[in-house]
Amino acid sequence: MTVRVRFAPSPTGVLHIGSVRTALFNWLFARHNNGEFCLRIEDTDKLRSTEENTQLIFKILEWLKIDWDGDPVIQSSRIERHKEVAHELVRQGKAYYCYCSPEELAIKKEECLKKGQPYKYDGKCRNLKEPLPEINPVIRLKASTIGDTSINDLVQGKVTVHNSQMDDLVLLRSDGTPTYMLSVVVDDHDMGITHVIRGDDHLTNTFRQIQIFEACSWKVPVFGHIPLIYGSDGAKLSKRHGAASAIDYMRLGYLPEAISNYLLRLGWSHGDEEIISREDAIKWFNFANVGKSPSRFDIAKLQNLNGHYIRERSNESLLEYMLPFFNFELTDRDKSRILKGMDGLKARAKTIVELVKSAMVYVQAPTSYDEKCKKYQTELHKSLLKDVANKLETGEFSCEEETLCNQVRFYADSKGVKLVEIAQAMRSALCGCLTSPSVFEIISILGVEETIKRFKKF
RNA sequence: GUCUCCUUAGUCUAGCGGUCUAGGACCUCGCCCUCUCACGGCGGUAACACGGGUUCAAAUCCCGUAGGAGACGCCA
């Protein structure tokens with residue numbers, strides 16, 4: 001049997017980073033087993049689903065190189081099929097029309113709550129013989145209430161729930177539209193899904209869904225419920241924690257390979273391996289090593305990984321990746337300067353946004369100076385800068401990084417000042433801040449003319 | 001409240017009864033490198049939730065307790 005999995009996000013909001021991990025695990029499991037990874041857009045909540053969110057799902061998956069097999073299934077296009085299944089179940093006596101009004105049920109629910117009892121639909125309409133006029137009924141499944149249902153979850157192991165916990169869930173709403181529970185089961189069956197891998201917030205739903213599978217006499221797939229991702233405070237990861245959606249991380253300048261590596265290691269491990277290539281991830285991924293306990297999202301570790309992957313990328317590919325982050329068009333001269341200085345820049349950046357910011361040195365003279373630069377604007381520093389500028393202009397000082405470094409070092413000695421004094425003054429003039437790659441490297445890339453211009457401006 | 005699940009350092013985790021004076025990574029701290037900041041190198045602090053069992057032996061198995069999470073919709 002070939003493995004066939006699905007990722008089924010709902011476009012009612014921007015794709016959550018936790019969903020991305022679910023997609024990744026599904027994808028890795030499929031690729032590891034030479035199986036298929038399908039995509040299904042669960043857009044049955046028409047009010048809240050948007051085309052924009054749907055497009056975003058495609059965009060993020062493509063960005064992360066999580067490719068899907070076949071065309072995505074749009075769940076809303078399958079509503080007629082879902083309805084048909086519900087009506088068929090009624091014909092077979094496995095489901096029934098229920099005429100209870102939402103108000104009526106709300107009252108019953110409240111009563112239960114008062115008594116401290118768990119609420120379950122009481123099955124009032126289960127054995128109704130005649131339809132009630134002038135009321136649009138819902139269709140409910142006749143759930144089995146005796147015995148228990150067990151699953152052998154890929155992650156959670158054997159989990160058993162007593163059927164007495166279950167009630168007759170709604171399959172079709174009073175307006176005739178199918179519920180999520182029904183749609184998922186019908187689609188998973190029709191798509192030939194063999195393994196349902198999803199967040200463990202669905203674990204308890206699983207038992208109700210199994211009852212639908214069984215009512216239809218369909219084969220129940222294998223389930224794997226992976227723990228959710230929480231924020232640093234242990235609460236569900238949300239905007240409150242900074243960024244919860246995948247697109248945020250993309251905009252913040254995180255590389256797709258860093259995101260995948262981070263997400264993979266969150267809740268899964270392969271011994272002491274930390275840096276894991278796609279190839280190895282496919283080779284090694286399994287559910288035996290997926291942890292059962294929820295994990296917290298740690299931005300510092302993501303940043304560390306991102307820095308690693310920035311350093312690992314070629315200078316050319318980094319430049320290309322950076323281009324959209326500039327809010328203007330770079331000239332060829334800008335590009336060539338950045339490329340030359342990239343080694344020095346990428347060792348310092350944790351995100352592409354930081355990299356772009358630091359690369360501005362090679363694009364334009366500082367427009368303002370940090371408060372800390374003031375320390376290097378004394379008369380002494382000015383005269384030192386003037387000297388260096390003159391020596392550069394006359395050609396006494398070389399424009400080659402190493403030679404210049406030695407020459408300035410020698411000059412500093414002769415003046416009886418520390419190299420750091422001159423270097424920091426130069427850095428202030430060149431970058432407008434006290435943090436940058438080697439000033440000698442910057443000068444060698446910028447050239448004499450631009451260097452002197454910035455010295456004078458400072 | 002009911003049901004289900006979880007519990008190794010601040011965080012992610014290794015560990016599947018003896019090899020654990022508990023390993024790795026991030027964070028943090030110190031040192032080295034050094035024109036700044038990084039990168040890199042070296043080193044340090046820091047954990048088996050608690051209480052009972054089982055066993056010659058328990059982080060590892062069992063039972064409680066505590067804490068945490070999720071699910072209990074005509075949302076998905």
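To start, this report covers the structure provided alongside it. The model shown is predicted, which means the values in this text are computed figures rather than measured ones. (Residues numbered from 1 in each chain as written. Chains lettered and ligands numbered in written order. Predicted model: local features only at pLDDT ≥ 70, side-chain atom pairs only at ≥ 80, totals over all residues. Heavy atoms only, no water.)

### Remarks on the overall build of chain A
The number of helices and strands found in chain A is 18 helices and 12 strands. Against the compact-globule benchmark of 23 Å for 458 residues, chain A has a radius of gyration of 31 Å, which places it well outside the compact range. Considering only C-alpha atoms, chain A reaches an extent of 105 × 45 × 40 Å along its principal axes. For chain A, buried positions account for 48% of its 458 residues. Within chain A, counting contacts between residues at least 6 apart in sequence, those at least 24 apart form 75% of the total. Carbon and sulfur atoms form 51% of the exposed surface of chain A, whose accessible area is close to 22,800 Å². (Helix = DSSP H or I, 4+ residues; strand = E, 2+ residues; numbered from the N terminus. Rg over C-alpha atoms; globule rule 2.2 N^0.38 Å. Buried < 20%, exposed > 50% of the residue type's maximum accessible area, 1.4 Å probe, protein only. Contact = heavy atoms within 4.5 Å. Areas by Shrake-Rupley, 256 points an atom, 1.4 Å probe, with all protein chains shown as cover.)

### Comments concerning the packing of aromatic side chains
Pairs of aromatic rings are described using the distance from one ring centre to the other and the angle between the two planes. With the rule as written, the count across this model stands at 12 aromatic pairs. A ring pair is formed by Phe 285 and Phe 287, whose centres lie 5.4 Å apart and whose planes are at 80 degrees; its orientation type is edge-to-face. When sorted by exposure, Phe 285 lands in the same class as Phe 287, which is buried. Connected via pairs of aromatic rings, a cluster forms that spans Phe 25, Phe 29, Trp 268, Phe 285 and Phe 287. A cation over a ring is seen here: Arg 140 above Tyr 121, with NZ or CZ 3.7 Å from the ring centre. Geometry around Trp 27 places Arg 278 over its ring, the cationic atom sitting 4.7 Å from the centre. (Phe/Tyr/Trp six-rings, centres within 6.5 Å; stacked < 30°, edge-to-face > 60°. Lys NZ or Arg CZ within 6 Å of the ring centre and 35° of its normal.)

### Points about the packing of helix α15 (residues 401-415) against helix α17 (residues 439-446)
Relative orientation of the contacting elements α15 and α17 amounts to 125 degrees, with a least axis distance of 9 Å. Here α15 lies oblique to α17, going by the angle between them. For the crossing formed where α15 meets α17, the hand is right-handed. Contacts from Glu 401, Leu 404, Cys 405 and Val 408 of α15 reach α17 at Phe 440, Glu 441, Ile 443 and Ser 444. Of the residues in the contact of α15 with α17, the class split is 5 nonpolar, 1 polar and 2 charged. (Axes fitted to C-alpha atoms, helices over the stretch in contact; angles between N-to-C directions. Parallel < 35°, antiparallel > 145°, perpendicular 65-115°, else oblique. Left-handed = near helix turned anticlockwise from the far one by under 90°. Nonpolar A, V, L, I, M, F, W, Y, C, P; charged D, E, K, R; others polar.)

### Brief notes about helix α18 (residues 448-457)
Of the residues making up α18, those classed as buried are Glu 450, Thr 451, Ile 452, Arg 454 and Phe 455. Residues of α18 that are buried make contact with α12 (332-346), α14 (379-394), α16 (419-431) and α17.

### Some remarks on the protein's contact with RNA strand B
Close contacts around RNA strand B come from 64 residues, with Arg 173, Tyr 230, Arg 427, Ser 436 and Ser 438 the closest. Atoms of RNA strand B within 4 Å of the protein belong to the sugar or the phosphate in 70% of instances, the rest to bases. Note that a base nitrogen of RNA strand B is positioned 3.3 Å from one of the side-chain N or O atoms of Asn 205. Measuring from a base nitrogen of RNA strand B, one finds a side-chain N or O atom of Asp 272 at 3.1 Å. Considering each element in turn, the surface near RNA strand B owes the most residues, 5 residues, to α16. Looking at the surface near RNA strand B, its residues break down into 22 nonpolar, 21 polar and 21 charged. (Near = heavy atom within 4 Å. Polar contact = N/O pair within 3.5 Å; in protein donor to acceptor, adjacent residues only side chain to side chain.)

### Quick look at the pairing of strand β5 (residues 138-141)
Burial along β5 is two-sided: Val 138 and Arg 140 facing one way and Ile 139 and Leu 141 facing the other are all buried. Both strand β4 (residues 95-98) and β5 contribute to a ladder of 4 bridges, which runs antiparallel. Looking across to β5, one finds that Tyr 97 is bridged to Ile 139. As defined by bridge partners, β5 adjoins strand β8 (residues 170-172) across 2 bridges and the pair is classed as antiparallel. Paired with Arg 140 across the two strands is Val 170, which belongs to β8. (Pairing = 2+ DSSP bridges.)

### Looking at the nonpolar core
Counting residues in hydrophobic clusters, the biggest one holds 101 residues, and the most contacted among them are Phe 297 and Ile 338. Met 181, Met 191, Leu 203 and Phe 213 belong to the second largest nonpolar core, which has 32 residues in total. (Core = buried A, V, L, I, M, F, W, Y, C linked by side-chain atoms within 4.5 Å.)

### Quick notes on a nonpolar patch on the surface
A grouping of Leu 128, Leu 132 and Ile 135 is seen on the molecular surface, where their side chains present a nonpolar patch of about 220 Å² in accessible area. You can call Leu 132 partly exposed: its relative accessible area is 37%. (Patch = residues over 30% accessible without salt bridge, like charges linked within 9 Å, V, L, I, M, F, W, Y side chains within 5 Å. Salt bridge = Lys/Arg side-chain N within 4 Å of Asp/Glu carboxyl O.)

### Points about the sheet that holds β8
What links the strands of a sheet is backbone hydrogen bonding, and the strands pair in either a parallel or an antiparallel sense. Taken in spatial order, the 3 strands of this open sheet run β4-β5-β8, and their pairing is antiparallel. Edge positions in the open sheet fall to β4 and β8, since each of these has one partner strand only. Across the sheet, the axes of successive neighbouring strands diverge by a mean angle of 45 degrees, strand direction being ignored.

### Section: the side chain of Asn 205
Turning to its location among the elements, Asn 205 is positioned in helix α6 (residues 203-215). Aside from chain neighbours lying at most four places away, what touches Asn 205 is Tyr 180 and Met 181.

### A look at helix α13 (residues 352-359)
Within α13 the residues assigned to the buried category are Ile 352, Leu 355, Val 356 and Ala 359. For α13, the angular spread of the buried residues around the axis is 100 degrees, confining them to a single face. (Arc of directions from axis to C-beta.)

### Describing the packing of helix α8 (residues 256-265) against helix α10 (residues 299-312)
Their axes nearest at 9 Å, the elements α8 and α10 cross at an angle of 135 degrees. Comparing the axis directions of α8 and α10 gives the class oblique. Every pair of crossing elements has a handedness; the one defined by α8 and α10 is right-handed. Contact residues: α8 offers Glu 257, Ala 258, Ile 259, Asn 261 and Tyr 262, while α10 offers Lys 301, Leu 302, Leu 305, Asn 306 and Tyr 309. For the contact of α8 with α10, the residue count by class is 6 nonpolar, 2 polar and 2 charged.

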